[in-house]
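The chain contents come next:
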Amino acid sequence: MVANPQGFYQRLQQLPLPAQQAFMAALCERLLPNYALYEQTSGHGDGHTLRTVLSLVWERLSVPNASIDFARQAEKLAECEPPEEDESFGARRALDAVVSISALLDTLQGESPEAVLDVSRTSRAGVRAFIELTEGEVDAQALALIIRDHPLMEDENDFQDAVLEAVSEPINKSTLKEIRTLGRNNGISNLGLTLDEGDE
C-alpha cells in the first residue's frame, strides 16, 4: 500500500530517464490486455501494432543505440486510438493504453518530464474508474473509502511499488527482462482482466 503517494512520485521523478522509461514500459505492458479485450469485443483497434511498438521500446532500452524511428511509431500508434464517438468504458481503457505508450514514446523523442507521472496516474485512474463502475451508486465519501481499500487498488499500488523497486536497481539486459515479465503480470491487466490470446 502506498502510504505516501507524494514520496512515490518524487522517487519516480528522481530516477534516471532509462529507469523511468522501463517503469512506463512495464505499466504499459499491464494495460495491453484491456486494449486487447476492447478490440475483441468491439471489432475496433489494432493490438498487434501496440504490442510491436512496445517491443521496439524494450529493444531500445536494452540496446540504447538501436536505430528506431520513434516518430514513425508514434504516427502508427495514433491510428490505433478507439473512435472518438465511442465513449464506452472499454474504449476509455483502451485509450489509456494508447496514451500511455504515446507518453513513453515522447520520452524517446525528446524532453517529456511529466510522462512518467502521467503513465502512473493513468493506470491508477483506470482502476479507480473500474471500481466506481462496479460499485454502483454510493456517496462520494463512501466511494473514496471503497476505492482506497479495494483489492484492485491495493494490487495496483503494490504493483507500481514493485516496478519502482525493480527499476531503482542498476538496469541491464537481464533486469530489463525481469521488469518486462513483471509488467506482463501473467497476462492480467490492472483491472484484473485477462484475454486468452493463445499466441502469447
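Up top is the structure these notes are about.
Summary of the structure given here. (Residues numbered from 1 in each chain as written. Predicted model: local features only at pLDDT ≥ 70, side-chain atom pairs only at ≥ 80, totals over all residues. Heavy atoms only, no water.)

Another point: the overall build of the protein chain. In terms of helices and strands, the protein chain carries 9 helices and 0 strands. When the helices and strands of the protein chain are listed from N to C terminus, the series reads α-α-α-α-α-α-α-α-α. Computed over C-alpha atoms, the radius of gyration of the protein chain comes to 16 Å, within 12% of the 16 Å expected from 2.2 N^0.38 for 200 residues, which places it in the range of a compact globule. Seen along its three principal axes, the alpha-carbon backbone of the protein chain occupies a region of about 50 × 40 × 30 Å. (Helix = DSSP H or I, 4+ residues; strand = E, 2+ residues; numbered from the N terminus. Rg over C-alpha atoms; globule rule 2.2 N^0.38 Å.)

This part takes up helix α2 (residues 17-42). An α-helical turn contains 3.6 residues, so any two residues separated by three or four positions project in the same direction. The terminal C-alpha atoms of α2, which comprises 26 residues, lie 36 Å apart, in line with the 38 Å expected from a rise of 1.5 Å per residue. At R30, α2 is bent by approximately 30 degrees, the largest bend along its length, and proline P33 sits one to four residues beyond. For α2, the buried fraction is high: 19 of the 26 residues fall into the buried class. Positive phi appears at G43, one or two residues downstream of α2, with a value of about 80 degrees. (Expected span 1.5 Å × (residues − 1). Bend = angle between axes of the 7 residues up to and from the residue. Buried < 20%, exposed > 50% of the residue type's maximum accessible area, 1.4 Å probe, protein only.)

Ranked by internal contacts, the top residues of the largest apolar core, which has 47 residues, are L12, F23, L50, V57 and V167. Counting only elements with at least two residues in this core, the list comes to α1 (5-14), α2, α3 (47-62), α4 (70-78), α5 (89-109), α6 (115-135), α8 (151-168) and α9 (173-184). Of all the elements, α2 adds the most residues to this core, at 12 residues. One finds F89, F130, I131 and L191 within the second-largest nonpolar core, a separate group that totals 10 residues. (Core = buried A, V, L, I, M, F, W, Y, C linked by side-chain atoms within 4.5 Å.)

Take the side chain of Q73 next. Mapping Q73 onto the fold places it in helix α4. For Q73, a relative accessible area of 9% translates into the label buried. Residues in contact with Q73, not counting those within four places in the same chain, are V53, L56, I68 and L105. (Contact = heavy atoms within 4.5 Å.)

Mapped onto the fold, A74 is located in helix α4. Here the alpha-carbon distance between A74 and I101, two residues 27 residues apart in the chain, equals 8.7 Å. If we ignore the near neighbours within four places in the chain, the residues touching A74 are L105 and Q109.

On to the pattern of salt bridges. In this structure the tally under the stated criterion is 9 salt bridges. Close ionic contact of E156 with R30 constitutes a salt bridge, the shortest N to O distance being 2.4 Å. Linking E156 in helix α8 with R30 in helix α2, this pair joins segments that are 126 residues apart in sequence. Two residues, R72 and E75, come together in a salt bridge whose shortest N-O distance is 3.2 Å. Taken together, the residues span about one helical turn, with R72 and E75 both in helix α4 at a distance of 3 residues. Among the residues examined, E75 registers a relative accessible area of 47% and is labelled partly exposed. (Salt bridge = Lys/Arg side-chain N within 4 Å of Asp/Glu carboxyl O.)

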